[in-house]
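Structure assessment
Given next are the chains, with one letter for each unit.
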Amino acid sequence: MAPRDTRNGASAAARRTGRKSGPTATSVARAPRGDGRGLPRFTWWTTPLAGVLVVAVFGMAYYPVLRVQYREYRDRAQLRAELDMIEARNARLEAQVARLRTPEGVEDYARTQLGLVKRGETFVVVRDPSSPGKRPAISAVPEVDSDNTPRESGDPWTALLDFVFDVE
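Within each chain, residues carry numbers counting from 1 in the order of the written sequence. The predicted origin of the model limits local features to residues at a pLDDT of at least 70 and limits the giving and counting of side-chain atom pairs to 80 or more, whereas totals for whole chains, interfaces and linings rest on all residues. Based on all heavy atoms of the structure, the side-chain values leave hydrogens and waters out of the count.

A few words now on the packing of aromatic side chains. Geometry of aromatic contacts follows a simple scheme: Phe, Tyr and Trp rings, the Trp one being its six-membered ring, pair when their centres are within 6.5 Å, and the pair is stacked under 30 degrees between planes, edge-to-face over 60, tilted otherwise. Scanning all chains against the criterion turns up 4 aromatic pairs. For the ring pair Phe 58 and Tyr 62, a centre distance of 4.7 Å and an interplane angle of 45° mean the geometry is tilted. Taken as a pair, Phe 58 and Tyr 62 lie in helix α3 (residues 46-100) at a separation of 4 residues, close to a single helical turn. An aromatic cluster of at least three residues, connected via ring pairs, comprises Tyr 63, Tyr 70, Tyr 73 and Phe 165. To qualify as a helix, a DSSP run of H or I must reach at least 4 residues; to qualify as a strand, a run of E must reach at least 2; elements of each kind are numbered from the N terminus.

What follows is the structure, encoded as structure tokens:
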């Protein structure tokens, strides 16, 4: 009569002696963990870790190229902004020149910038009593359009990319 198997696959006699008998002793071995080919099973953290490593290697390999491209992009954007500012200034100056070519424009310029009056007119200056030592606000230097336009600060992404790619 064959020995009776228990739940764990060993007979009562084998348990007493400490030896394994029957089909579990030689032919059935514990299967390796994983996909059956002997490779270890992936755990939950290996996929994100592999993704981070791929991104890090990609970043290290392409950082110099991306840095040059970003600097060229920023230089091109800065030059475009300067060109737009210069074109706007030229348009304002052309409008001012066109106005000064008319008799009304010349008269307006002579009155406001140079403080001149026509023959027979009386020039009256009304002073503010609270500031007795001030002179009238007529300048002998003509007012010319200037380039003193404030530069816009970029958005947060531009500031971050400037920091990452070391752009001033």
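Here the narrative resumes.
Another aspect to go through is the environment of Leu 66. Looking at where Leu 66 falls in the secondary structure, it is placed in helix α3. With 99 residues separating them in the primary sequence, Leu 66 and Phe 165 have C-alpha atoms 8.2 Å apart.

This brings us to the pattern of salt bridges. By convention in these notes, a salt bridge is any Lys or Arg side-chain nitrogen within 4 Å of a carboxyl oxygen on Asp or Glu. Using the criterion set out here, one finds 8 salt bridges in the structure. A salt bridge links Glu 107 to Arg 111; the shortest N-O distance between them is 3.2 Å. Taken together, the positions of Glu 107 and Arg 111, both in helix α4 (residues 103-112) and 4 residues apart, correspond to about one turn of that helix. Look at the salt bridges and you will find they share partners, linking Glu 107, Arg 111, Lys 118 and Glu 121 into a network.

In this section: the side chain of Thr 158. Within the secondary structure, Thr 158 is located in helix α5 (residues 156-164). Two N or O atoms form a polar contact when they lie within 3.5 Å of each other; inside protein one atom must be a possible hydrogen donor and the other a possible acceptor, and for residues adjacent in sequence the pair counts only when both atoms belong to side chains. A polar contact is formed between the side chain of Thr 158 and the side chain of Asp 155, at a distance of 2.3 Å. Residues within four places of Thr 158 in sequence aside, it is in contact with Tyr 70 and Arg 74. Contact between two residues is taken to exist if any of their heavy atoms lie within 4.5 Å; hydrogens are not considered.

Interaxial angles span 0 to 180 degrees and are taken between N-to-C directions of axes, which are lines fitted to C-alpha atoms, for helices over the stretch in contact. Direction vectors running N to C along α3 and α5 enclose 130°, while the axes themselves pass 10 Å from each other. By the angle between their directions, the pair α3 and α5 is classed as oblique. The handedness of the crossing between α3 and α5 comes out as left-handed. Contact residues: α3 offers Tyr 63, Tyr 70 and Arg 74, while α5 offers Thr 158, Leu 161, Asp 162 and Val 164. When residue character is reported, Ala, Val, Leu, Ile, Met, Phe, Trp, Tyr, Cys and Pro are called nonpolar, Asp, Glu, Lys and Arg charged, and the others, Gly included, polar. Considering only residue class, the contact of α3 with α5 consists of 4 nonpolar, 1 polar and 2 charged. For this classification, under 35 degrees means roughly parallel, over 145 means roughly antiparallel, 65 to 115 means roughly perpendicular, and everything else is oblique. A crossing counts as left-handed when the near helix is turned anticlockwise from the far one by less than a right angle, and as right-handed when that turn is clockwise.

Everything listed here is a matter of coordinates, which is why it stays silent on function.
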